[in-house]
Amino acid sequence: MCGIVGIVGKGPATPRLVDGLLRLEYRGYDSAGVATLVDGHIERRRAEGRIRNLEALLLEQPLAGSTGIGHTRWATHGAPNENNAHPHATEKVAVVHNGIIENFAELKAELVAKGRKFATDTDTEVVAHLLTVLILEGLSPEAAMAAAMHRLHGAFALAVIVAGRPDLLLAARRGSPLAIGYGEGEMYVGSDALALAPLTKMISYLDDGDWAVLTTDGAQVYDQNDKKVAREVRETVLSGALVGKGNFQHFMQKEIFEQPAVIGDTLRSYVNPATHRVTLPELPADLATLKRVQLVACGTSFYAASVARYWIEQLARLPCDVEIASEFRYRDPVLEEGGLSMFVSQSGETIDTLSALRFARGRGQKIAAIVNVPESSMAREADALLATHAGPEIGVASTKAFTTQLAVLAAFAFAAARARGTQSPERLATLAQAIAGIPEKVSGVLAADDRIRAAAKIVAPARDVLYLGRGTAFPIAMEGALKLKEISYIHAEGYAAGEMKHGPIALIAPDVPVIVLAPNDEWFEKTASNVQEVRARGGQVVLFSDKAGIAKIGNLAVAAIELPSCDPFVAPILYSVPVQLLAYYVALIKGTDIDKPRNLAKSVTVE
Ligand code: M6R
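This structure is a prediction, so every number in the text was calculated from the model and none was measured. Counting starts from 1 at the beginning of each chain's written sequence and moves along it residue by residue. At least 70 in pLDDT is required for a residue's local features to be given in this predicted model, at least 80 for side-chain atom pairs to be given and counted, and no such filter applies to totals for whole chains, interfaces and linings, which use all residues. To get the side-chain values, all heavy atoms of the structure are used, and hydrogens and water are removed first.

### Some details on the overall build of the protein
And then number 1: Helix and strand assignments follow DSSP, with helices taken as H or I runs no shorter than four residues and strands as E runs no shorter than two, numbered in order from the N terminus. Within the protein, the regular secondary structure consists of 20 helices and 25 strands.
And then number 2: With the principal axes as the frame, the protein shows a C-alpha extent of 80 × 50 × 45 Å.
And then number 3: Here the term buried applies to any residue with accessible area under 20% of the maximum for its type, exposed to any over 50%, and partly exposed to those in between, with areas from a 1.4 Å probe on protein chains only. Within the protein, the fraction of its 607 residues that count as buried is 60%.
And then number 4: Within the protein, contacts between residues at least 6 apart in sequence are counted, and of these 71% link residues at least 24 apart. Contacts between residues were defined by any pair of non-hydrogen atoms, one from each residue, lying within 4.5 Å.

Printed below as a string of structure tokens:
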């Protein structure tokens, strides 16, 4: 993954590079570094861990120069220590890299045979040595970049500075995104437009295979065949302001509490509050006659898609497949020509999902994207964009992005049902009412905050936790388990409650809390039987249900937390919130780094 930023300019580069890195920290936080040209020589500062460590180092050892590059790392090749931190440098060049150089071992052997000495365990260092050898062989830096592009395999974005050339910044993109920023007498590159937002609003995006020569006067872009090309320069709508935590202790907590507002913002794009009429943007497929839809996503977004499958099939009688993006294209799926594939992603940059999108397009699919970041690669490449309006999500554990994805998918299922005539006008009216009422119901769930905080004390000492749910509560059980794993580092599994007796029941013991999601829906009685089975084996149940559900089985639980009653259709959105809060409060007890949990990154841009 990693975030990269570069400046060829006239003012001091380092503070602006560091500011850009802070905006890219969501892409990784294992180490950070900057390199600039000082009197024509490459100088570097690098630090293990967060960008704040690099900032501390720069206070002790400032770095001058008006041309430079910066990097925040999510380690792929080589331990996350200072030695492996980017930029990687030789006597001639310094390089920052996002992605993976797949043929690095072969290139390294070739470069070592030519006498190059490697200092790190990274794949990136081969790029620095390759460019150096090409320059030492007599190529100009620009020609060396062109030649290197034909030798490197894999997915990458690169930014390069060259010793003795403060007027030059080289950049390249294959697979991983890269934006070019146009300033006044300065030029910039960054992994996304957000990194460049305080520097300029004028942005262009490199296409796959492009490489570029940036000087203080502008940029010349070349395509994969080294032909000069022009890429559209547009004004970004992204704001340069950094998002704050307000009065909350963590971004995750703030984002959980923002949900009534952002679900409301999202629904306003799709549901008319007066008439409750649902309107989608123009789709590249006719919902009335569509034969099948694929939903493809990763992680939390995959669980949103998994809820939507129940909705789409039950309400609209539209066959729906849900696919994990990293498996989808390698499975060589059978896709109907002209079918609709929908890709769900907060960031719009997750490489597994983006690659799946490109694969589906190559197989003749029409593409819709449900994305939170409006200028992301998926948003730009889709035929139709169904935007979520969660606003910037900073906490690595996704919360408000998930419930806003669910809100959009609920609107989609509703629109498909109406187009296909599968629900009566009366049921459609009730559903529209239920969708429009979600923000208020979610506020009602947040009112249970104190009781959920108290229940966290039961879960925090556990080594293993089970989450159970049936129907649309099953993906929420998996999402709840993922949240707990991510931020508290407790092993947790989400199971279909009916599946428990087929194996996981062996795990039931007094020290394995069982979190049961039991909305009052068509599956309630069966879930209640599963709760009995857990109790019969001494399991400790933490129950989430409504008043009626708690009246029926609340006595079987060590903690029974009442949530507002609702139409079962919207229950998965409501029941997402307590599992987020539970994970949050458990992590708070455990004292983990909630907003930046170990080993994770907000946006996963490597396979
Ligand atoms: O940006 P995306 O929605 O495509 O990201 C997909 C997953 O990487 C993401 O949901 C991940 O699982 C989160 N850390 C979940 O909290």
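### So, the environment of His77
And then number 1: The residue His77 is located in the loop between β4 (67-73) and β5 (88-89) in this model.
And then number 2: Expressed as a C-alpha distance, the spacing of His77 and Ile100, which sit 23 residues apart in the sequence, is 8.3 Å.
And then number 3: Once residues within four sequence positions are removed from consideration, His77 is found in contact with Ile100, Phe104, Asp121, Thr122 and Asp123.
And then number 4: Definition of a polar contact: a pair of N or O atoms within 3.5 Å, with one able to donate and the other able to accept a hydrogen when the atoms are protein atoms, and with sequence-neighbouring residues admitted only if both atoms are side-chain atoms. Engagement of the side chain of His77 in a polar contact is seen with the side chain of Thr76, the distance being 3.0 Å.

### Notes on the packing of helix α8 (residues 259-268) against helix α15 (residues 438-446)
And then number 1: Contact geometry for α8 and α15: axes closest at 8 Å, N-to-C directions at 170°. With respect to α15, the axis of α8 lies roughly antiparallel. Mapping the contact onto sequence places Gln259, Pro260, Ile263, Gly264 and Leu267 in α8 and Ile438, Pro439, Val442, Ser443 and Leu446 in α15. Convention adopted: a line fitted to C-alpha atoms gives each axis, helices being fitted over their contacting stretch, and angles between N-to-C directions are expressed from 0 to 180 degrees. Each angle is binned into one of four classes, with values under 35 degrees roughly parallel, values over 145 roughly antiparallel, values of 65 to 115 roughly perpendicular, and all other values oblique.

### Focus on the packing of aromatic side chains
And then number 1: Two rings from Phe, Tyr or Trp (for Trp, the six-membered ring) form a pair when their centres are within 6.5 Å of each other. A pair whose planes differ by under 30 degrees is stacked, one over 60 is edge-to-face, and the rest are tilted. Taken as a whole and judged by the stated rule, the model has 7 aromatic pairs.
And then number 2: On the basis of an interplanar angle of 15° and a centroid distance of 4.4 Å, the ring pair of Trp211 and Tyr222 is categorised as stacked. Of this pair, Trp211 sits in strand β12 (residues 211-215) while Tyr222 sits in strand β13 (residues 218-222), and the two are 11 residues apart along the sequence.
And then number 3: The class for Trp211 is buried, based on a relative accessible area of 4%.
And then number 4: A relative accessible area of 16% places Tyr222 in the buried class.
And then number 5: Two conditions define a charge sitting above a ring: the NZ of Lys or the CZ of Arg must be within 6 Å of the ring centre, and it must be within 35 degrees of the ring normal. For the cation-ring pair, Arg380 lies above Tyr205, with the distance from its terminal atom to the ring centre recorded as 3.6 Å.
And then number 6: Taking NZ or CZ as reference, Arg598 lies 3.8 Å from the ring centre of Tyr489, over its face.

### Some words on the site of the ligand
And then number 1: As a structural note, the neighbourhood of the ligand is formed by 15 residues, with Ser301, Ser345, Gln346, Thr350 and Glu486 the closest of them.
And then number 2: One of the backbone N or O atoms of Gln346 is found 2.7 Å from an oxygen atom in the ligand.
And then number 3: In this structure, Ser347 approaches the ligand through a side-chain N or O atom, which is 2.7 Å from an oxygen atom.
And then number 4: Contact with the protein chains hides 90% of the accessible area of the ligand, taken as 410 Å² for the molecule alone.
And then number 5: Elements with a minimum of two residues in the shell around the ligand: α9 (299-316) and α17 (473-488).
And then number 6: Per-class residue counts for the shell around the ligand are 5 nonpolar, 8 polar and 2 charged. When we say a residue is near a molecule or strand, we mean one of its heavy atoms is within 4 Å of it. A 1.4 Å probe and the Shrake-Rupley method give the accessible areas. Residues count as covered only by the protein chains that appear here. Each residue is assigned to one of three groups, with Ala, Val, Leu, Ile, Met, Phe, Trp, Tyr, Cys and Pro labelled nonpolar, Asp, Glu, Lys and Arg labelled charged, and all others, Gly among them, labelled polar.

### Structural notes on the packing of helix α1 (residues 14-24) against helix α2 (residues 51-60)
And then number 1: Two elements in contact, α1 and α2, have axes whose closest approach is 10 Å; the angle formed by their N-to-C orientations is 165°. The angle between α1 and α2 falls in the class roughly antiparallel. Judged by the twist between their axes, the crossing of α1 over α2 is left-handed. Where α1 approaches α2, its residues Thr14, Val18, Leu21 and Leu22 are matched on the opposing element by Ile51, Leu54, Glu55 and Leu58.
And then number 2: For the contact of α1 with α2, the class distribution of residues is 6 nonpolar, 1 polar and 1 charged. Each crossing is labelled by how the near helix is turned from the far one, with a counterclockwise turn of less than a right angle marking it left-handed and a clockwise turn marking it right-handed.

### Side note on the sheet that holds strand β20 (residues 384-387)
And then number 1: Spatial ordering of the open sheet is given by β17-β16-β18-β19-β20, a layout of 5 strands whose pairing is parallel. Because the sheet does not close on itself, it has two edges, and the strands there are β17 (320-324) and β20. Here the average twist between neighbouring strands, direction ignored, is 20°.
And then number 2: As judged from the 5 bridges shared by strand β16 (residues 293-297) and β17, these two strands associate in the parallel manner. Within β17, the position partnered with Val296 by the bridge is Glu323.
And then number 3: On top of the sheet, helix α13 (residues 400-420) reaches β16, β18 (340-345), β19 (366-371) and β20; it is set at about 160° to β18, its chief contact. At least two DSSP bridges between two strands are required for those strands to pair.

### Some thoughts on α15
And then number 1: Taken residue by residue, α15 has Ile438, Pro439, Val442, Val445 and Leu446 as its buried positions. One side of α15 carries all its buried residues, which in axial view fall inside an arc of 110°.
And then number 2: In this structure, the buried residues of α15 make contact with α7 (251-257), α8, α14 (425-436), α16 (449-459) and α20 (571-590). Of all possible arcs, the one meant is that of the directions from the helix axis to the C-beta atoms.

### Considerations on the nonpolar core
And then number 1: We call a set of buried Ala, Val, Leu, Ile, Met, Phe, Trp, Tyr and Cys residues a nonpolar core when their side-chain atoms join them within 4.5 Å. One finds Trp311, Tyr467, Phe544 and Leu582 to be the most contacted residues of the largest nonpolar core, which totals 101 residues.
And then number 2: The contacts of Phe544, once residues within four sequence positions are left out, are Ile452, Ile515, Val516, Leu517, Ala518, Pro519, Ile561, Leu563, Tyr575, Pro578 and Leu582.

### Observations regarding α2
Because an α-helix completes one turn every 3.6 residues, residues spaced three or four positions apart along the sequence face the same direction.
And then number 1: Every buried residue belonging to α2 is among Ile51, Leu54, Leu57 and Leu58, and all of these are buried. Considered in projection along α2, the buried side chains sweep an arc of 110° and stay on one side of the axis. Turned more than 90 degrees away from the buried face of α2, the exposed residues are Arg52, Leu59 and Glu60.
And then number 2: Contacts from the buried residues of α2 go to α1, β2 (31-38), β3 (41-48) and β4.

### Examining the sheet that holds strand β23 (residues 514-518)
And then number 1: Overall, parallel pairing links the 5 strands, which are arranged β22-β21-β23-β24-β25 in an open sheet. With one partner strand each, in any of the chains shown, β22 (491-496) and β25 (559-562) form the two edges of the open sheet. Sheet twist, expressed as the mean angle between neighbouring strand axes with direction ignored, is 15°.
And then number 2: Note: strand β21 (residues 464-469) against β23, 4 bridges, orientation parallel. Bridged to Gly469 within β23 is Leu517.
And then number 3: Packing against the sheet, α16 makes contact with β21, β23, β24 (541-545) and β25, and its axis sits at approximately 155° to β25.
And then number 4: Relative to β22, α17 is tilted by about 175°, and along the sheet it contacts β21, β22 and β23.

Any link to function would need more than the numbers given here.
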